[in-house]
Amino acid sequence: MRGNPDNLRQAAARKSAAAQARAEQGLHEIIRRNEPITFRGLARTAGVSLDFLYRCTPIRQRVQQLRAQQQNTPPPAAAASTRDGTSSSVVRTLTAQLTELKRRHRDEIGALQQALEAAHGENLELRRRLGAQRALHNTETP
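Residues numbered from 1 in each chain as written. Predicted model: local features only at pLDDT ≥ 70, side-chain atom pairs only at ≥ 80, totals over all residues. Heavy atoms only, no water.

**Digging into helix α1 (residues 5-32)**
In step 1: Along its 28 residues, α1 runs 41 Å from first to last C-alpha, staying within 8% of the 40 Å computed at 1.5 Å per residue.
In step 2: Considered for burial, the residues of α1 that qualify are Ala19, Ala23, Gly26, Leu27 and Ile30.
In step 3: The secondary structure elements touched by the buried residues of α1 are α2 (39-46), α3 (50-55) and α4 (57-72).
In step 4: The opening residue of α1 is Asn4, an N-cap whose side-chain oxygen sits 3.0 Å from the backbone nitrogen of Asp6.
In step 5: Immediately downstream of α1, the backbone of Asn34 shows phi near 60°, a positive value. (Helix = DSSP H or I, 4+ residues; strand = E, 2+ residues; numbered from the N terminus. Expected span 1.5 Å × (residues − 1). Buried < 20%, exposed > 50% of the residue type's maximum accessible area, 1.4 Å probe, protein only. Contact = heavy atoms within 4.5 Å. Polar contact = N/O pair within 3.5 Å; in protein donor to acceptor, adjacent residues only side chain to side chain.)

**As for the pattern of salt bridges**
In step 1: Tallied over the entire structure, the rule returns 10 salt bridges.
In step 2: Here Glu29 ties to Arg32 by a salt bridge, and the two come within 2.5 Å at their closest N and O atoms. Here the residue Glu29 and the residue Arg32 both occupy positions in helix α1, the gap between them amounting to 3 residues, near one helical turn.
In step 3: You can call Glu29 partly exposed: its relative accessible area is 22%.
In step 4: A residue is classified by how much of its surface remains accessible, and Arg32, at 60% relative accessible area, is exposed.
In step 5: With a closest N to O distance of 3.7 Å, Glu29 and Arg33 form a salt bridge.
In step 6: Salt bridges sharing partners connect three or more residues here, namely Glu29, Arg32, Arg33 and Glu35. (Salt bridge = Lys/Arg side-chain N within 4 Å of Asp/Glu carboxyl O.)

**Brief notes about α4**
In step 1: Taking 1.5 Å per residue as the helical rise, α4 with its 16 residues ought to reach 22 Å, and the 23 Å between its terminal C-alpha atoms agrees with that figure.
In step 2: Regarding α4, the residues found buried are Ile59, Val63 and Leu66. Projected down its long axis, α4 shows its buried positions confined to an angular sector of 70°, all on one face. Facing away from the buried surface of α4 by more than 90 degrees, the exposed residues are Pro58 and Asn72.
In step 3: Looking at the buried residues of α4, the elements they touch are α1, α2 and α3. (Arc of directions from axis to C-beta.)

**Overview of unusual backbone geometry**
In step 1: One non-glycine residue with positive phi stands out, namely Asn34, at about 60°.
In step 2: Relative to the assigned elements, Asn34 resides in the loop between α1 and α2.
In step 3: Classification of Asn34 as exposed rests on a relative accessible area of 64%.

Fair warning: the whole summary comes from geometry, so function is off the table for now.
As structure tokens, then:
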């Protein structure tokens, strides 16, 4: 083996640390600009890959936490654009409808995720049964 593998490990660790620092800085930038927090937006802002963001557990957890906080934070109150207040009541009505749609959407996504997890479990169980049947069949036939 040529070279020093420790040097490669150290270089990889430095590269990963630099990417983590860029990702943290990108998160601060996104928050400062009051933009939606997404993995794609962070990857673009920080100059890192989506794969890195998903593989780096601390960054992934931070993005998920900030995104959840951002979704639960109500939008700032809109200023009325007319004197009679009709515009602000329309905004309030639409905001309430949007909030309800988001809540229903989150509930539906949760139910779909649970159904998907159950389907994955059933799929795994069926694969195990099929593997056991094949193993049994192979030992029975000479």
